Amino acid sequence: MSSLTELSASEIARRVSAREVSAEEVARAHLDRIAAIDGALGAFLHVAGERALTMARRVDAGLAARASPPPLAGVPVAIKDVLDIEGLPTTCGSRILDGYRPPFTATAVSRLEAAGAVVLGKTNMDEFAMGSSTENSAFRPTRNPWARDRVPGGSSGGSAAAVAAGMAPAALGSDTGGSIRQPAALCGVVGLKPTYGRVSRYGLVAFASSLDQVGPLARTVEDVARVAAALCGWDPRDATSAKSEPTDFAAGLEAGAASPGLRVGVPWRFLAGGVDEGVMTAFGRALEDLRAAGAELVDVDLPHLPYAIATYYIVATAEASSNLARYDGVRYGLRAGAGDLRRMYGETRDRGFGLEVKRRIVLGTFVLSSGYYDAYYLRAQKVRTLIRRDFERAFAACDVIATPTSPVPAFRFGEKTADPLQMYLADIFTVPANLAGIPGLSLPCGFTQGLPVGLQLVGRPFDEATLLRAGHAYQTVTSHHRARPPL
Ligand code: GLN
């Protein structure tokens, strides 16, 4: 990496603010790196080079003119292609949005830009964020920077690979059932899914509206905290966004540099069986490191978590089948089979959607259909409540709950595509936080067979601060996050 692309987001903001380096130079260095290496990785679907340089120059001009620099001054960011940016294409990894350029910008993106960040481009993803490997992208696979014959995870695989490979110090992803945390784990970076409602979903293409959340990926917890601070906040344009106080997560980190008294719950019973041995070894060591940093480990029970996958794949597909009804070829995107209206709907959707999206729409329509609604959808909602209560009960005895982020490290292309159920089962540790609406953080905790392993910490609603403090404390006593892929 050239030296500017090795810097953390925090360090870039510091140097750009001090005018030791210009935002334009930083943007150029990252665009050069993308040009040099992304052909082999496929992290980006669209690189917005000219726009990035214009925005960077604007940041530099602002710094020359004003007294206090913005918190993300000159920090390049990569944006998952599920978030709209006015004038740039949004594909969501799908053919059905062919030619679509939104006339507005997602609040999450405009908040970052208002904080001085510079958008580099849009990153690859599983179509409509459905998947755990980025293999469902309609355009190209993204390769894992640590092992190019393996997936980067998904659905925010492009964002995770971009950050891991030094093409951007930070990125945005979306997480409906693990899509920020799991690719972060498989690519050896940090990812945060905030509490449901913390970050505005305005301008985020909807997958499952009661689960979707936008969040940051970066190489350190400190950087994730810094981006999260800019991201979080109430937005009148998203009715589900919460009126939470703005929090300076990064400033709160030092207070927790050691974590005396932090109670880390471990759901041992839930972890028994099905977890890769190398992942379990790295996880066990991470718990020891947390203990050495002053944390207390407690055993917690989450009895309904074995039902989380079934519950998630009912709720998420039901909501998706309804959200995706809007892609009909009438107002935007692809239009096929013109002439007869019904034929146009049918042909547009048949040609525009990939296999996994069709599978979800069929499944979701089935669980919502009369006669099956009570047996599947309604029952899933009840189990969802039980899962939320499991967490409430557990958090009486601990402050955060630790699990591996993914039961397996990065798998090979094609390994799980033939059997969708195998792909779904790998989401076992991430979907519970979405069902309960609580925040989850994934951070690197070692390697198995040369592949990164992720530690997941989940916390109480709106208590991202504790998660980030615990994660930062872990990173001050370990160095897994400093390892870089051989590129
Ligand atoms: N892998 C999960 C799914 O396929 C989660 C996806 C996500 O979080 N967007 O639905």
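Parameters at a glance
- Residues numbered from 1 in each chain as written.
- Predicted model: local features only at pLDDT ≥ 70, side-chain atom pairs only at ≥ 80, totals over all residues.
- Heavy atoms only, no water.
- Near = heavy atom within 4 Å.
- Polar contact = N/O pair within 3.5 Å; in protein donor to acceptor, adjacent residues only side chain to side chain.
- Nonpolar A, V, L, I, M, F, W, Y, C, P; charged D, E, K, R; others polar.
- Core = buried A, V, L, I, M, F, W, Y, C linked by side-chain atoms within 4.5 Å.
- Buried < 20%, exposed > 50% of the residue type's maximum accessible area, 1.4 Å probe, protein only.
- Helix = DSSP H or I, 4+ residues; strand = E, 2+ residues; numbered from the N terminus.
- Contact = heavy atoms within 4.5 Å.
- pLDDT = per-residue confidence, 0-100.
- Pairing = 2+ DSSP bridges.
- Axes fitted to C-alpha atoms, helices over the stretch in contact; angles between N-to-C directions.
- Parallel < 35°, antiparallel > 145°, perpendicular 65-115°, else oblique.
- Left-handed = near helix turned anticlockwise from the far one by under 90°.
- Phe/Tyr/Trp six-rings, centres within 6.5 Å; stacked < 30°, edge-to-face > 60°.

Engineer: Lay out the site of the ligand in plain terms, naming residues and giving numbers.
Structural biologist: The full set close to the ligand counts 15 residues, and T176, G177, S179, Y312 and R360 are the nearest of them. Take Y313: an N or O atom from its side chain is 3.3 Å from an oxygen atom of the ligand. In this structure, D427 approaches the ligand through a side-chain N or O atom, which is 2.8 Å from a nitrogen atom. Class assignment of the residues belonging to the shell around the ligand gives a composition of five nonpolar, seven polar and three charged.

Engineer: I'd like a rundown of the nonpolar core, residues and numbers included.
Structural biologist: The biggest cluster of nonpolar side chains holds 156 residues, and the ones touching the most others in it are L83, L112, F128, M167, L172, F391 and L455. Broken down by element, the residue count for this core peaks at nine residues, all from helix α11 (residues 308-323). Excluding residues that lie within four positions of it along the chain, L83 makes contacts with T90, A106, A108, V109, K122, L172, G203, L204 and V214.

Engineer: Outline the confidence of the model for the protein chain, supporting the account with residue identities and numerical values.
Structural biologist: Residues of the protein chain with pLDDT of at least 70 account for 99%, and the chain-wide mean is 96. When the elements of the protein chain are averaged for pLDDT, helix α15 (residues 420-425) gives the smallest value, 93, and strand β2 (residues 76-80) the largest, 99.

Engineer: Report on the sheet that holds strand β3 (residues 118-123), specifying residues and quantitative values.
Structural biologist: If you trace the eleven strands from one edge of the open sheet to the other, you get β1-β3-β2-β4-β6-β5-β10-β11-β9-β7-β8, paired in mixed fashion. Because the sheet does not close on itself, it has two edges, and the strands there are β1 (44-47) and β8 (296-299). Averaged over all pairs of adjacent strands, the angle between strand axes in this sheet comes to 30°, irrespective of strand direction. Pairing of strand β5 (residues 190-193) with strand β10 (residues 440-448), which is carried by three bridges, proceeds in the antiparallel orientation. Among the inter-strand pairings, K193 is bridged to a residue of β10, identified as G440. Contacts from helix α5 (residues 107-114) reach β2, β3, β4 (170-175) and β6 (213-218) within the one sheet, and its direction differs from that of β4 by about 160°.

Engineer: With reference to specific residues and values, describe the packing of α5 against helix α8 (residues 221-231).
Structural biologist: Interhelical geometry of α5 versus α8 gives an angle of 110° and a closest axis separation of 8 Å. With respect to each other, α5 and α8 are oriented roughly perpendicular. When you trace α5 past α8, the crossing you get is right-handed. On α8, the residues that touch A108, R111 and L112 of α5 are V227, A230 and L231. Classifying every residue of the contact of α5 with α8 gives five nonpolar, no polar and one charged.

Engineer: Break down the packing of aromatic side chains for me, with residues and values.
Structural biologist: How two aromatic rings sit relative to each other is set out by the distance from centre to centre and by the angle between their planes. If you walk through the whole model with that rule in mind, you get 16 aromatic pairs. Judged by centre distance (4.7 Å) and plane angle (85°), the rings of Y312 and Y313 are edge-to-face. In this structure, Y312 and Y313 share a single accessibility class: buried. Here the aromatic residues Y100, F128, Y327, Y332 and F353 are joined through ring pairs into a cluster of three or more.

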